[in-house]
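# Structural characterization, general
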Amino acid sequence: MSQKCGSAACLLFMGKPVSHHCVLTDHQKLLCVCGDQLLLVSVKQQHTGRERVQSELEPYILKGVLRVSALLDLVLLFHLEAADCRRPAFDFERGGLLHGLTRQCATGLHAMGCVFSLPEDRRDAAERAPTSRETSFIEKMKKTGKNIIVFYGSQTGTAEEFSNRLSKDAQRYGMKGMAADPEEYDMGELSRLSEINNSLAIFCMATYGEGDPTDNAQDFYDWLQENDDEDLTGLNYTVFSLGNKTYEHYNAMGKYVDKRLEELGAKRIFDLGLGDDDGNLEEDFVSWREQFWPAVCEHFGVEALGDESSIRQYELKEFTDINMNKVFTGEIGRLKSFEVQKPPFDSKNPFMAPVTVNRRLNKAGDRHLMHLELDITGSKIRYESGDHVAVFPTNDSALVNKLGQVLGVDLDLVISLNNLDEESNKKHPFPCPTTYRTALTHYLDISHPPRTNVLYELAQYASDPKDQENMRKMASSSPEGKALYQSWVLESCRNILAILEDMPSLKPPIDHLCELLPRLQARYYSIASSSKVHPNSIHICAVVVEYQTKTGRVNKGVATNWLKNKLVTDNGHKATVPMYIRKSQFRLPFKASNPVIMIGPGTGIAPFMGFIQERGWLKEQGKDVGETVLYYGCRHKMEDYLYQEELEEAEQKVVITQLNVAFSRDQEHKVYVQHLLKNNKENLWKLIHLENAHIYVCGDARNMAKDVQTALHEIAEELGDMTRTQATDYIKKLMTKGRYSQDVWS
């Protein structure tokens, strides 16, 4: 149990006066309250499941103080218990954590002598937090006659999409399924699932970042780690995992869930499925699914109903006379939230940040590399160097208009798609009521090639039997069908408009199409600024994506082209970007005297601009700042040397102590950052092995990040007198200690 701690001990531990109101928690931490600040003092290091002590923990362990704002960074890694309050939910920005502290813990904290006050915007968040929600999935399943539940851990929407497909599949086998967000339910009820006959829990789990759970699966992950005494005997389960082989911790979350459920006594009824987004994730899923359902039938002794017809999840309602103030126009959560902004801002409530700068970075060449600055003045948004900014783009209006023309519909008709399952938490596939134009512009992904389930469901609307046959074939797991989908859809980069144009007989009703298309997702960019230097501005560095497909069409990246067109003033109006901050573990070392080695070619320079600004600021404050080494790469010095003036100025001021730039195409033989690493191996090894340097890599995961790691392995082998195995282990230990961090994408 938590116990009251004497103020003298707290004063001695922290070395400076704080509140006299402190609690020693079960996890060897001191919870202290001081005015507007909640202080958490770590008595010993928290040890995570993978024994990774993240670099961002260092400041709080060494300093001994965790402020409320810093808590946003660390809630994924710290466990806090006080009175009857378990570890707070990670969704502090949505009011979840504050709500828990103010409503659940107040009595317990006050009983132990604690008093606290909180900033006004945090109190507002608490008041807006929901007071009740049905958290029992068991009761919901019993009430609605469901026996299959599909939990999803999803960051970009794909795992959620797969879980919806699996829950719909259940109907074809005489069962009833529901998709569920583990964040919304009490996962401790898994042990009760055996109360329902022929019950099964399916887990579609994506891995995010460096082997981490997705945001919505974080609490479930923590629950699995903490509850060694949980008995899941009688629970039938299977797992499909979503990952990417270019990342080191391939499918780590799915593998962990699969293994951990078995350890707790649950029964695996079908093998773990591994989906690889670097290959063909859709094909991996379809192949697994086609073997999975026969295994389910065999296990439960049921037979497929043979009903392959389309199963609608939503029904259409059209409005001819409606107050337009009640119609969504692109808002993510609350109606009119883009017009009346209220903090805190997050994925459900983005801030409309004005664009104050939008300039081209490259001096020449065919590509368009850009630097944007977003104004966050008055938003109360806080960020740290290394964080990501998430933006909500919109689709190209020309693409939307063409879709309307091809389908022959009035895009400005106000509609609502309502879930046929009235008990479902998900009432609509996107905010409703709205217009088709808004749905296709703001809410639906119309640019990516559609998945096979969309083709299968739409096949019935093709009047040409050959088109019907090909669409169904592409949705099958036959080798011929897979090859056709790969070549005709994926390799040809056909989006839904291209498919409709190239299959003139296909005329689906637009409401069914809107039901099937996945949600348009937020895009994440590494922030290219430091809040120490730019507290009211967030900088973005990006390259515009545009390419010609095999069909001769020009495809444009949704977010980068949208950002490119965000001019500072647009017809006299300030251009705005809906955004929020996603906290990262890509952090500078707490001790400024530690050397840092930054490796980031192309737009991988982005987070390092923030790091360099911050190291410069620390130096101005009189801090002892260690060596700051940058390895940057681009194609041509005279074309795409990004931030050249800023970097050279930082070098002149000795903020950057070593500036190494690889111009890959300025000579006959290509030179990349990994070659420069090898050229400077003695100095690099000294910094890493003797001076406790922190290494940061940002950019392409598929090639660059692997090549950099290989180069470091070779340097450790040669200068550390190690075998290849020892060198590999050495670099892995740097990662474990938080001294080798990656912010990479594929």
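Parameters at a glance
Residues numbered from 1 in each chain as written. Predicted model: local features only at pLDDT ≥ 70, side-chain atom pairs only at ≥ 80, totals over all residues. Heavy atoms only, no water. UniProt positions renumbered as here; feature names shortened; annotations may be inferred. Helix = DSSP H or I, 4+ residues; strand = E, 2+ residues; numbered from the N terminus. Buried < 20%, exposed > 50% of the residue type's maximum accessible area, 1.4 Å probe, protein only. Contact = heavy atoms within 4.5 Å. Areas by Shrake-Rupley, 256 points an atom, 1.4 Å probe, with all protein chains shown as cover. Salt bridge = Lys/Arg side-chain N within 4 Å of Asp/Glu carboxyl O. Arc of directions from axis to C-beta. Axes fitted to C-alpha atoms, helices over the stretch in contact; angles between N-to-C directions. Parallel < 35°, antiparallel > 145°, perpendicular 65-115°, else oblique. Pairing = 2+ DSSP bridges. Polar contact = N/O pair within 3.5 Å; in protein donor to acceptor, adjacent residues only side chain to side chain. Expected span 1.5 Å × (residues − 1). Phe/Tyr/Trp six-rings, centres within 6.5 Å; stacked < 30°, edge-to-face > 60°.

As recorded in an unreviewed UniProt entry, the chain goes by the name NADPH--cytochrome P450 reductase, listed as coming from Gouania willdenowi. Heading Subcellular location (unreviewed entry) of the UniProt record for the chain holds this comment: "Endoplasmic reticulum membrane".

What the chain contains, in helices and strands, is 26 helices and 29 strands. Out of the 746 residues belonging to the chain, those deemed buried represent 55%. Counted over contacts in the chain with a minimum sequence separation of 6, partners at least 24 positions apart contribute 74%. Accessible surface, the chain as shown: approximately 31,900 Å² in total, 48% of it carbon and sulfur.

Residues annotated in UniProt with the feature "binding site: NADP(+)" (unreviewed entry) correspond here to Arg 367, Thr 603, Ser 664, Arg 665, Lys 670, Val 671, Tyr 672, Val 673, Gln 674 and Asp 707. Assignment of secondary structure puts Tyr 672 in the loop between strand 27 (658-663) and helix 23 (673-679). Within the secondary structure, Gln 674 is located in helix 23. Taking relative accessible area as the criterion, Gln 674 reaches 12% and is therefore assigned buried. Non-local contacts of Gln 674, meaning those with residues more than four positions away in its chain, are made with Asp 707, Val 708 and Ala 711.

Looking now at the pattern of salt bridges. Per the counting criterion, the structure on display carries 42 salt bridges. For the salt bridge of Asp 215 with Arg 582, the shortest nitrogen-to-oxygen distance reads 2.4 Å. Taken together, the residues Asp 215 in the loop between strand 8 (212-213) and helix 9 (218-226) and Arg 582 in strand 24 (residues 576-582) connect sequence positions 367 residues apart. Residue Asp 215 is classed as partly exposed on the basis of its relative accessible area of 23%.

For the rest of this paragraph, the subject is helix 22 (residues 644-652). Burial in helix 22 covers these residues: Gln 644, Leu 647 and Ala 650. Seen along its axis, helix 22 keeps its buried residues to an arc of 135 degrees; they face one direction. Within helix 22, the exposed residues directed more than 90 degrees away from the buried face are Glu 645 and Gln 652. Buried residues along helix 22 sit in contact with helix 20 (606-620), strand 26 (628-634), helix 21 (637-640) and strand 27. Of the residues one or two after helix 22, Val 654 is the one with positive phi, at around 60 degrees.

This paragraph deals with the packing of helix 24 (residues 681-690) against helix 25 (residues 704-719). Where helix 24 contacts helix 25, the two axes come as close as 10 Å, and the packing angle between them is 85 degrees. Taken together, the axes of helix 24 and helix 25 are roughly perpendicular relative to one another. Counted together, Lys 681, Glu 682, Leu 684, Trp 685 and Ile 688 of helix 24 and Leu 712, Ile 715, Ala 716, Glu 718 and Leu 719 of helix 25 form the full contact between these two elements.

With that settled, consider the sheet that holds strand 12 (residues 314-319). Ordered by their spatial adjacency, 3 strands build an open sheet running 12-16-17, and the pairing between neighbours is antiparallel. Here the strands that pair on one side only, and so sit at the sheet edges, are strand 12 and strand 17 (434-435). As paired strands, strand 16 (residues 414-419) and strand 17 are joined by 2 bridges and run antiparallel to one another. When the bridges of strand 17 are listed, Val 414 appears paired with Thr 435.

Here the focus is the environment of Glu 646. With respect to the element layout, Glu 646 can be found in helix 22. Sequence-wise, Glu 646 and Ile 612 are 34 residues apart; in three dimensions their C-alpha atoms are separated by 9.7 Å. Not counting chain neighbours up to four residues away, the residues in contact with Glu 646 comprise Arg 359 and Met 609. Reaching out from Glu 646, the side chain makes a polar contact with the side chain of Arg 359 at a distance of 3.3 Å.

Over its 13 residues, helix 26 (residues 724-736) runs 18 Å from end to end, which matches the ideal 18 Å to within 8%, given 1.5 Å per residue. Taken residue by residue, helix 26 has Ala 727, Tyr 730, Ile 731, Leu 734 and Met 735 as its buried positions. For helix 26, the arc enclosing every buried residue in end-on projection is 145 degrees, short of the 170-degree limit, so these residues lie on one face. In helix 26, the exposed positions that point more than 90 degrees away from the buried face belong to Thr 725 and Lys 733. Those residues of helix 26 hidden inside the fold are in contact with helix 24, strand 28 (694-700), helix 25 and strand 29 (740-745). Backbone geometry just downstream of helix 26 places Gly 738 in the positive-phi region, at approximately 80 degrees.

Turning our attention to the packing of aromatic side chains. Per the counting criterion, the structure on display carries 28 aromatic pairs. On the basis of an interplanar angle of 55 degrees and a centroid distance of 5.0 Å, the ring pair of Phe 345 and Phe 351 is categorised as tilted. For the pair Phe 345 and Phe 351, a shared accessibility class is recorded, and that class is buried. Ring geometry for Tyr 632 against Tyr 641: centres 5.9 Å apart, planes inclined by 25 degrees, an arrangement best described as stacked. Note on Tyr 632: relative accessible area 0%, which makes it buried.

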